[in-house]
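Descriptive structure summary
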Amino acid sequence: MSVRLQKYLADAQVASRRKAEEMITEGRVSVNGKTITELGTKVEDGDTVCVDGKEVRPAEKLIYIMLHKPDGYVTTAKEQFGRPAVLDLVDCGYRVYPVGRLDYDTSGLLLLTNDGELTYKLTHPKHNVEKTYIAQVEGTPTEDEMKHFREGLEIEDYKTAPAKIKILKKGTLTTLKIVIHEGKNRQVRKMCEAIGHRVRRLKRVATGSLSLGSLEKGKYRYLTDKEIEYLKTL
Ligand code: URA
């Protein structure tokens, strides 16, 4: 991404844009060691900008995004198999990272941010953020199976914490609403399999009270200030 030098200086809170222009024309500013007096000069990512010989770094702007992840995308930045990555869907001019992960074949709500502190908070097991999923499973779970699911069950060598499960629509494929607040690898799939109902489709529809709403698959939006505040209180 490139920005005009005077905007770069203003964004870095060195001076107002007008004052920054003065500094440039006065020959006080250099880019990669070369003094710049032209006002239109653009600065690229990775350039070194100095004022009076002292380096100026841009203040990092914090970005918070909600993406409706489609199935068939990985949440890792780059991977060896060349499969599409969620970051290909987001063009916000900043380096953002997914908050936690969703499986390649899971769709739904994925937060992305460059706020490392918030990511840490939201993904740390002790913070217990509720995540709501809609799952389509093979067959229909019985009351006993759902009781087992709610109380916690063994997946591999791990006992899951109490969770919520509710049938939304019965059929050869049954639609379930599931709420968990842990984030073990493929946890919902493994929990459903543990009660004998393989997951065919999985979608995350909410994180805490933040929901996907009508955001279209593959699209993203910026969180509102209120939503950001809310996430910070979790
Ligand atoms: N649980 C899963 O099994 N997969 C996901 O992607 C998220 C939760």
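Definitions and cut-offs
- Residues numbered from 1 in each chain as written.
- Predicted model: local features only at pLDDT ≥ 70, side-chain atom pairs only at ≥ 80, totals over all residues.
- Heavy atoms only, no water.
- 1 Å grid on protein atoms, 1.4 Å probe; cavity = no way out; pocket = protein on both sides within 12 Å on 5 of 7 lines; lining within 4 Å.
- Points joined across faces, edges and corners; volume = space filled by probe spheres on them.
- Helix = DSSP H or I, 4+ residues; strand = E, 2+ residues; numbered from the N terminus.
- Core = buried A, V, L, I, M, F, W, Y, C linked by side-chain atoms within 4.5 Å.
- Buried < 20%, exposed > 50% of the residue type's maximum accessible area, 1.4 Å probe, protein only.
- Domains from an automatic or database assignment.
- Contact = heavy atoms within 4.5 Å.
- Arc of directions from axis to C-beta.
- Near = heavy atom within 4 Å.
- Polar contact = N/O pair within 3.5 Å; in protein donor to acceptor, adjacent residues only side chain to side chain.
- Areas by Shrake-Rupley, 256 points an atom, 1.4 Å probe, with all protein chains shown as cover.
- Nonpolar A, V, L, I, M, F, W, Y, C, P; charged D, E, K, R; others polar.
- Pairing = 2+ DSSP bridges.
- Phe/Tyr/Trp six-rings, centres within 6.5 Å; stacked < 30°, edge-to-face > 60°.
- Lys NZ or Arg CZ within 6 Å of the ring centre and 35° of its normal.
- Salt bridge = Lys/Arg side-chain N within 4 Å of Asp/Glu carboxyl O.

1. What to know about empty space enclosed by the protein
Here the structure, examined in full by the defined rule, presents one cavity of 30 Å³ or more. Here the largest cavity is characterised by a volume of approximately 30 Å³. If you trace the largest cavity, you find it lined by Y64, I65, V99, L111, L112, T113, L118, L122, L223 and L231. Of all elements in the fold, only β7 (64-69), β9 (106-113) and α3 (116-123) reach the threshold of two or more residues within the lining of the largest cavity.

2. Description of the nonpolar core
Burial of nonpolar side chains together is a common tendency in soluble globular proteins. Counting residues in hydrophobic clusters, the biggest one holds 29 residues, and the most contacted among them are F149 and I178. Breaking this core down by element, the ones donating at least two residues are β7, β9, β10 (131-138), α4 (143-151), β14 (173-180), α5 (187-194) and β15 (199-207). Each of two domains, domain 2 (71-124 + 212-234) and domain 3 (130-207), supplies a minimum of three residues to this core. For I178, the residues in contact, after removing those within four places along its chain, are K131, T132, Y133, A135, F149, K164, I165, V188 and C192. If you look at the next biggest cluster of nonpolar residues, it comprises 16 residues, including A12, V31, I36 and V43.

3. Some details on helix α6 (residues 225-233)
Every buried residue of α6 is accounted for by E227, I228 and L231. When α6 is viewed along its axis, its buried side chains cluster within an angular range of 100 degrees and face the same direction. In α6, the exposed positions angled more than 90 degrees off the buried face are occupied by D225, K226 and T233.

4. Points about the site of the ligand
Surveying the vicinity of the ligand reveals the residues L102, D103, T106, Y133, R186, Q187, V188, R189 and L202. At 3.2 Å, a backbone N or O of V188 approaches a nitrogen atom of the ligand. Against a free-state accessible area of 240 Å², the protein chains account for coverage of 95% of the ligand. Ranked by residue count, the leading element in the shell around the ligand is α5, at three residues. In terms of residue class, the shell around the ligand is made up of four nonpolar, two polar and three charged. Split by domain, the residues of the shell around the ligand number at least three in each of domain 2 (71-124 + 212-234) and domain 3 (130-207).

5. Brief notes about the sheet that holds strand β6 (residues 54-56)
The pairing of strands in a sheet happens through backbone hydrogen bonds and is either parallel or antiparallel. Spatially, the four strands line up as an open sheet ordered β3-β2-β5-β6, and their pairing is antiparallel. Every interior strand has two partners, whereas the edge strands, β3 (34-35) and β6, have only one. Both strand β5 (residues 49-51) and β6 contribute to a ladder of three bridges, which runs antiparallel. Residue pairing across strands places C50 opposite E55, the latter belonging to β6.

6. Observations concerning the packing of aromatic side chains
The description of an aromatic ring pair uses the distance of the two centres, along with the angle that the planes make with each other. Summed over the entire model, instances satisfying the criterion amount to one aromatic pair. Between the aromatic rings of Y220 and Y222, the centroid separation amounts to 6.1 Å while the plane-to-plane angle is 75 degrees, which identifies the pairing as edge-to-face. A cation sits over an aromatic face here: R83 above Y104, 4.2 Å from the ring centre. Sitting over the ring of Y158, K184 keeps its end group 4.5 Å from the ring centre.

7. What to know about the domain arrangement of the protein
Many analyses report the size of an interface as the accessible area lost when the parts associate. Domain annotation of the protein identifies domain 1 (3-56), domain 2 (71-124 + 212-234) and domain 3 (130-207). Look at where the C-alpha atoms of domain 1 and domain 3 centre, and you get two points 55 Å apart.

8. Topic: the pairing of β15
When β9 meets β15, the two strands line up parallel, connected through three bridges. What sits directly across from G108, in β15, is R204. Inspection of the sheet shows β15 paired to strand β16 (residues 210-211) by two bridges, in the antiparallel sense. Among the inter-strand pairings, T207 is bridged to a residue of β16, identified as L210. Counting the residues in the hairpin turn of β15 and β16 gives two residues, including G208, whose phi is positive at 55 degrees.

9. Observations regarding the pattern of salt bridges
If charged atoms from side chains of opposite charge come close, those side chains can pair. Going through the model one piece at a time under the given rule, you end up with 17 salt bridges. For the salt bridge of R189 with D103, the shortest nitrogen-to-oxygen distance reads 2.9 Å. With a gap of 86 residues between them, R189 in helix α5 and D103 in the loop between β8 (97-98) and β9 connect regions that are remote in the sequence. The partner of R198 in a salt bridge is E138, and the shortest N-O contact between them spans 3.2 Å. You can see R198 sitting in the loop between α5 and β15 and its partner E138 sitting in strand β10, a full 60 residues away along the chain.

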